[in-house]
Amino acid sequence: MVETASREGGIAREGQAVGSIRDSVVLNDGARMPWLGLGVYLTRDGREVEEAVKAALSCGYRSIDTAALYENERGVGKAIRESGIPRDELFVTTKLWNNRHGFDSALKAFEESRKRLGLEYVDLYLIHWPSSGAPVIAETWKAFEKLRADGRVRSIGVSNFLVRHLSELLAETGTVPGVDQVEFHPFLLQRDLLDFCRERGIRLEAWAPLVQGTAFDNPLLKGIAARRRKSVAQVLIRWDLQHGVVSIPKSVRAERIRENAQVFDFELSADEMASIDSLDASRRVGADPNHIDF
Ligand code: NAD
């Protein structure tokens with residue numbers, strides 16, 4: 001396993017090559033997280049999610065990203081247990097949904113998720129959205145700190161937190177999140193968030209790394225993909241990694257799951273990275289954390 005991220009206090013340099021699907025990044029608490037994972041949003045519990053997870057594990061993925069909201073934690077856990085892969089080689093993320101904030105409520109919600117997954121511990125537990133306001137989130141975060149202290153969660157983090165949400169959390173609490181999982185792709189580069197997280201040792205993780213399938217016809221991306229003999233999906237994922245951002249593309253199709261993992265045998269040049277960066281238009285495909293009403 002290649003050590004890719006320890007030299008700068010756990011933060012990968014931008015432009016750093018990431019070499020193999022087994023490579024992981026060191027989070028600010030010392031835990032290791034694979035650079036690539038499978039996302040399972042909108043994947044049905046039961047056979048669909050079990051087959052997607054098995055397909056991913058069989059081609060080398062070791063990280064799965066689910067959430068209480070996705071209602072497929074049972075299938076994720078079942079596929080993981082049936083894979084026979086040692087638990088300590090796997091990295092399972094799940095998330096606290098918006099209606100479970102507060103200290104006691106978050107502890108209870110976690111236990112429900114853990115039982116559905118059928119796991120002794122979860123590798124990464126995230127606050128799904130900054131939806132309840134800073135005082136309530138600070139209470140939730142205390143529950144997260146307790147879960148980590150108790151060993152039921154290895155790392156704790158947040159999702160959909162913008163700079164102002166992170167600043168509030170850091171001002172009110174003691175533990176810096178290990179991860180912030182946000183919508184991130186070339187049309188939503190968020191330099192301010194990238195810089196903020198890098199300076200504070202928070203690892204950014206990209207959801208909708210494939211722009212939820214809406215950018216495959218983009219001429220610039222198609223041009224780079226053609227020159228590299230890669231797919232646009234592979235270019236998008238590789239762009240994340242070279243920005244030092246963990247990527248969790250979703251697919252339920254085995255051939256696409258495999259394709260999305262074949263991103264460790266090429267490197268985008270600095271010019272290609274810059275031209276992809278220039279697509280930034282502050283454009284979201286998902287909800288805006290500034291205006292959350294769910
Ligand atoms: P994504 O950008 O990963 O796009 C997924 C879609 O792209 C698939 O449904 C499929 O249609 C298409 N696709 C996948 N691979 C392809 C390929 N090789 N070629 C052509 N098409 C391909 O979108 P996403 O699912 O929204 O994001 C990824 C993961 O991030 C989710 O599954 C979930 O785990 C996580 N997520 C988190 C949040 C959050 O609020 N924290 C929100 C959304 C998603």
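Chains are numbered independently. Their residues run from 1 in the order of the written sequence. Confidence filtering applies because this is a predicted model: local features only for residues at pLDDT of at least 70, side-chain atom pairs given and counted only at 80 or more, and all residues used for totals across whole chains, interfaces and linings. Values reported for side chains reflect all heavy atoms of the structure, with hydrogen atoms and water molecules removed beforehand.

**Student:** I tried to follow the packing of aromatic side chains on my own but got confused; where do I start?
**Tutor:** By convention here, two paired aromatic rings are described through the distance between centres and the angle between planes. Here is the rule: rings of Phe, Tyr and Trp (six-membered ring for Trp) pair when centre to centre is within 6.5 Å. Planes less than 30 degrees apart are stacked, more than 60 are edge-to-face, and the remainder are tilted. Summed over the entire model, instances satisfying the criterion amount to five aromatic pairs. On the basis of an interplanar angle of 70° and a centroid distance of 4.9 Å, the ring pair of Phe 110 and Tyr 125 is categorised as edge-to-face. Of this pair, Phe 110 sits in helix 3 (residues 103-117) while Tyr 125 is found in strand 6 (residues 122-127), placing the two residues 15 residues apart along the sequence. For the pair formed by Phe 110 and Tyr 125, the shared burial category is buried. A connected cluster of aromatic rings, assembled from ring pairs, spans Phe 110, Tyr 125, Trp 141 and Phe 144. For a ring to carry a charge above it, either NZ of a lysine or CZ of an arginine must fall within 6 Å of the ring centroid while also lying within 35 degrees of the normal to the ring plane. The ring of Phe 196 has Arg 200 sitting right over it, with the charged end atom 3.7 Å from the ring centre. Positioned above the aromatic ring of Phe 266 is the side chain of Arg 238, whose terminal nitrogen or guanidinium carbon lies 6.0 Å from the ring centre. Note on conventions: DSSP H or I runs of at least 4 residues are helices, E runs of at least 2 residues are strands, and numbering of each starts at the N terminus. Accessibility here uses a 1.4 Å probe with only protein chains present; expressed as a share of the type maximum, an area under 20% marks a residue as buried, one over 50% as exposed, and anything in between as partly exposed.

**Student:** Mind showing me how you'd approach the site of the ligand here?
**Tutor:** Any residue with a heavy atom lying within 4 Å of a molecule or strand is counted as near it. As a matter of local geometry, the ligand sits amid 27 residues, with Asp 65, Ser 159, Asn 160, Leu 210 and Gln 212 nearest to it. What qualifies as a polar contact is a pair of N or O atoms within 3.5 Å, subject to a donor-acceptor requirement within protein and to the restriction that residues adjacent in sequence count only when both atoms come from side chains. Asp 65 has a polar side-chain atom sitting 2.6 Å from an oxygen atom of the ligand. Take Ala 208: an N or O atom from its main chain is 3.0 Å from an oxygen atom of the ligand. Its free accessible area being 830 Å², the ligand has 88% of it covered by the protein chains. It is helix 9 (residues 254-261) that contributes the most residues to the shell around the ligand, three residues altogether. Partitioning the shell around the ligand into residue classes produces 13 nonpolar, nine polar and five charged. Using the Shrake-Rupley algorithm and a 1.4 Å probe, accessible areas are obtained, with residue cover drawn only from the displayed protein chains. Residues were grouped as follows: Ala, Val, Leu, Ile, Met, Phe, Trp, Tyr, Cys and Pro as nonpolar; Asp, Glu, Lys and Arg as charged; and all remaining residues, including Gly, as polar.

**Student:** How should I be thinking about the packing of helix 2 (residues 73-83) against helix 3 in this particular structure?
**Tutor:** For any two helices packed against each other, the geometry comes down to the angle between their axes and how far apart the axes lie. Relative to each other, helix 2 and helix 3 sit at 45°, their axes nearing to 7 Å. In terms of axis orientation, helix 2 runs oblique to helix 3. Together, Glu 73, Arg 74, Val 76, Gly 77 and Arg 81 of helix 2 and Ser 113, Arg 116 and Leu 117 of helix 3 make up the contact between the two elements. Classifying every residue of the contact of helix 2 with helix 3 gives two nonpolar, two polar and four charged. Every axis corresponds to a line fitted to the C-alpha atoms, with the helix fit spanning only the stretch in contact, and the corresponding angles, defined between N-to-C directions, vary from 0 to 180 degrees. Throughout this description, any angle smaller than 35 degrees is read as roughly parallel, any larger than 145 degrees as roughly antiparallel, any in the 65 to 115 degree range as roughly perpendicular, and the remainder as oblique. For this analysis, residues touch if any pair of their heavy atoms sits within 4.5 Å.

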